[in-house]
Amino acid sequence: MQHILDAIQSGSATSEDFASLELPESYRAAFVKKEDVDMFEGLSAKEKDPRKSLHVDEVPLPDLGPGEAFVAVMASAINYNTVWTSIFEPVSTFGFLERYGRSSELTKRHDLPYHVVGSDLSGVVLKTGPGVTRWKPGDRVVAHCLSVELEGPDGHNDTMLDTEQRIWGFETNFGGLADVAMVKANQLMPKPEHLTWEEAASPGLVNCTAYRQLVSTNGGNMKQGDNVLIWGASGGLGGFATQYALNGGATPVCVVSNEEKAQIARSMGAELIINRSEEGYKFWNDEGTEQDPREWKRFGARIRELTGGEDIDIVFEHPGRETFGASVFVTRKGGTITTCASTTGYLHEYDNRYLWMNLKRIISSHFANYRESWEANRLIAKGKIHPTLSRTYTLDEVGQASLDVHQNAHQGKVGVLCLAPEEGLGVLDHEMRAQHETAINRFRGV
Ligand SMILES: C/C=C/C(=O)SCCNC(=O)CCNC(=O)[C@H](O)C(C)(C)COP(=O)(O)OP(=O)(O)OC[C@H]1O[C@@H](n2cnc3c(N)ncnc32)[C@H](O)[C@@H]1OP(=O)(O)O
Ligand SMILES: NC(=O)C1=CN([C@@H]2O[C@H](COP(=O)(O)OP(=O)(O)OC[C@H]3O[C@@H](n4cnc5c(N)ncnc54)[C@H](OP(=O)(O)O)[C@@H]3O)[C@@H](O)[C@H]2O)C=CC1
């Protein structure tokens, strides 16, 4: 891989130079093994340790198909979906690969006894498959994680609705936590050039998701003046939801679990902050069998205290079972709960009387369509939304990086260096970077 890295770092290699580089037969990648899917049997989700299931080793380079691209990955990032894959919860991702593999000769390539994970990357295009004209070797790119086939009509208005919609590196193989990744060329977007490789790689998945869930007409359709309740406001999704709320003239009500996280939310410009640990909300009894509506009320009263008596227009939900009852309760009449996940449990309970009597709506959201992804990346490239990178690991440390996210011991996003030999490389637009340096570094080292 050294000759590829040399070409990238030379700064002068042409597209023809990249096109003539010899591709390796194998490459370094982070993967889980099919033979390990039962390794954590009997343990609770919290006890399952990604360091034991995530391996870093050489894997063969697949054949490149039509409409696809190989990218030399300079950096990637940890997403919670890699945590799910590595603890084999709520289902083993090998089931996704097997199902995908049954579709065609080409998709069969994904059905392997190992799953190369990772749904973000920044890097350089090495080779494109037949039919790709928009991208060429040498292009500096990031990739969003929406993989679709679009052969049927379902996804033609909104690509997320394709019946063959998958998340690359979670429901497909050959993900971004590796030195080379294979993507569909439609996933590629220009790398924001005021950012380093690791900064550019880190927003992708969560930025696009937050954009659809909160801003897009497919999600919360947020407008100026809205009160937006954001759970985990300094986390992966929340760090972007908070920026979108502030940019769009809404008022974020940020929920976090400690003072450091509260400080990050404040430094982004949020003023209304709830430290859920300090306030000690206990929505469920110890057995986890019943909720306490008095605690929902206490939470709602605190929100009213902060907003001057107003309730929430949009809840940005993802913790799931633990918080969903409270989220439905504190939403104003006619308001919206947008949900994209269930980190603490997927069987939600809420009091439906508060929903229907007050004409509230629950809107589901999942990643983002092609267009929404492009718009979210454009906002990063224009310096209107900033990366939330707090710490960067090497690819060999991917297990530890995933454990940190699993244990909620991180802030914002956690980056991973793949081919990039060190942090801080890859910036072309130094002038623009200088304008946004403080915002770019807001989450660093907290
Ligand atoms: C961008 C990043 C995102 C994230 O991080 S999201 C968080 C991580 N993701 C997750 O946690 C989700 C992981 N995925 C899952 O847990 C599962 O993936 C799903 C629960 C989403 C789906 O379950 P499954 O078993 O894969 O598929 P089925 O569609 O439930 O199919 C099971 C069987 O049920 C049949 N079926 C489905 N719908 C119906 C219906 N409406 N009426 C009758 N049958 C139905 C099917 O056909 C099939 O059947 P047959 O087993 O025989 O093939
Ligand atoms: N459907 C989709 O497209 C997507 C789904 N997801 C899913 O969303 C979830 C969150 O992802 P992401 O934001 O990247 O993860 P992070 O771990 O980075 O952030 C989640 C935040 O949730 C908060 N949190 C954790 N536990 C609780 C709890 N019990 N009650 C209230 N808040 C809690 C934490 O903040 P604090 O401790 O400060 O309160 C934490 O910072 C994951 O399940 C992920 O798989 C993610 C991206 C896309």
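Residues numbered from 1 in each chain as written. Chains lettered and ligands numbered in written order. Predicted model: local features only at pLDDT ≥ 70, side-chain atom pairs only at ≥ 80, totals over all residues. Heavy atoms only, no water.

In the annotation of an unreviewed UniProt entry, the protein is listed under the name Crotonyl-CoA reductase and assigned to Nocardioides cavernae.

**Some remarks on the layout of surface pockets**
Rule in force here: A cavity here means a set of points on a 1 Å grid, drawn over the protein atoms and nothing else, where a 1.4 Å probe fits but cannot get out; a pocket is an open set with protein on both sides within 12 Å along at least five of seven lines, and a residue lines either one if it has an atom within 4 Å of a point. Grid points are joined across faces, edges and corners, and a volume is the space filled by probe spheres set on the points. By definition, any uninterrupted DSSP run of H or I lasting at least four residues is a helix, any uninterrupted run of E lasting at least two residues is a strand, and each is numbered from the N terminus. Residues were grouped as follows: Ala, Val, Leu, Ile, Met, Phe, Trp, Tyr, Cys and Pro as nonpolar; Asp, Glu, Lys and Arg as charged; and all remaining residues, including Gly, as polar.
Approximately 670 Å³ is the volume attributed to the second largest pocket. Lining the second largest pocket are 33 residues, and of these P66, G67, V148, E149 and K184 lie nearest its centre. Counting residues per element, the lining of the second largest pocket draws most heavily on strand β9 (residues 180-184), which supplies 3 residues. Tallied by class, the residues present in the lining of the second largest pocket amount to 14 nonpolar, 12 polar and 7 charged.

**So, the UniProt feature "domain: Enoyl reductase (ER)" (unreviewed entry) in the protein**
Convention followed: UniProt positions are given in the numbering used here, feature names are shortened, and annotations may be inferred rather than shown by experiment.
Here the UniProt feature "domain: Enoyl reductase (ER)" (unreviewed entry) sits at residues 49-416. What you have in residues 49-416 is 31% helix and 24% strand, and the ends, taken at the C-alpha atoms, are 18 Å apart.

**Details of unusual backbone geometry**
Residue P90 is reached from E89 by a cis peptide bond, and omega for that bond is -15°. In this fold, P90 is placed in the loop between α4 (80-86) and α5 (94-101). Of note, F88 is a non-glycine position whose phi angle comes to about 55°, a positive value. Residue position: F88 is located in the loop between α4 and α5. One non-glycine residue, F367, lies in the positive phi region at around 30°. By secondary structure assignment, the location of F367 is in the loop between β16 (361-364) and α14 (370-381).

**Re the environment of V132**
Basically, it comes down to this: We call two residues in contact whenever any of their non-hydrogen atoms come within 4.5 Å of each other.
Here V132 is to be found in the loop between β5 (121-128) and β6 (140-143). Here V132 is in contact with G67, E68 and A185, once residues within four sequence places are set aside.

**With respect to the nonpolar core**
As a rule of thumb, nonpolar side chains are buried together in soluble globular proteins. Applicable threshold: To form a nonpolar core, buried Ala, Val, Leu, Ile, Met, Phe, Trp, Tyr and Cys residues must be joined to one another through side-chain atoms within 4.5 Å. Under the scheme applied here, a residue whose accessible area is under 20% of the maximum for its type counts as buried, over 50% as exposed, and between as partly exposed, the area being computed with a 1.4 Å probe on protein chains only.
Residues L188, L214, Y244 and F367 are the most contacted members of the largest nonpolar core, which totals 75 residues. Here this core takes 6 residues from helix α7 (residues 204-215), the largest share from any one element. Sequence-distant contacts of F367, that is, excluding residues within four places in its chain, are made with H144, C145, L146, M160, I167, G204, L205, C208, T209, R212 and S373. In terms of nonpolar packing, the next biggest core, distinct from the first, is built from 28 residues, A75, Y114, V124 and M182 among them.

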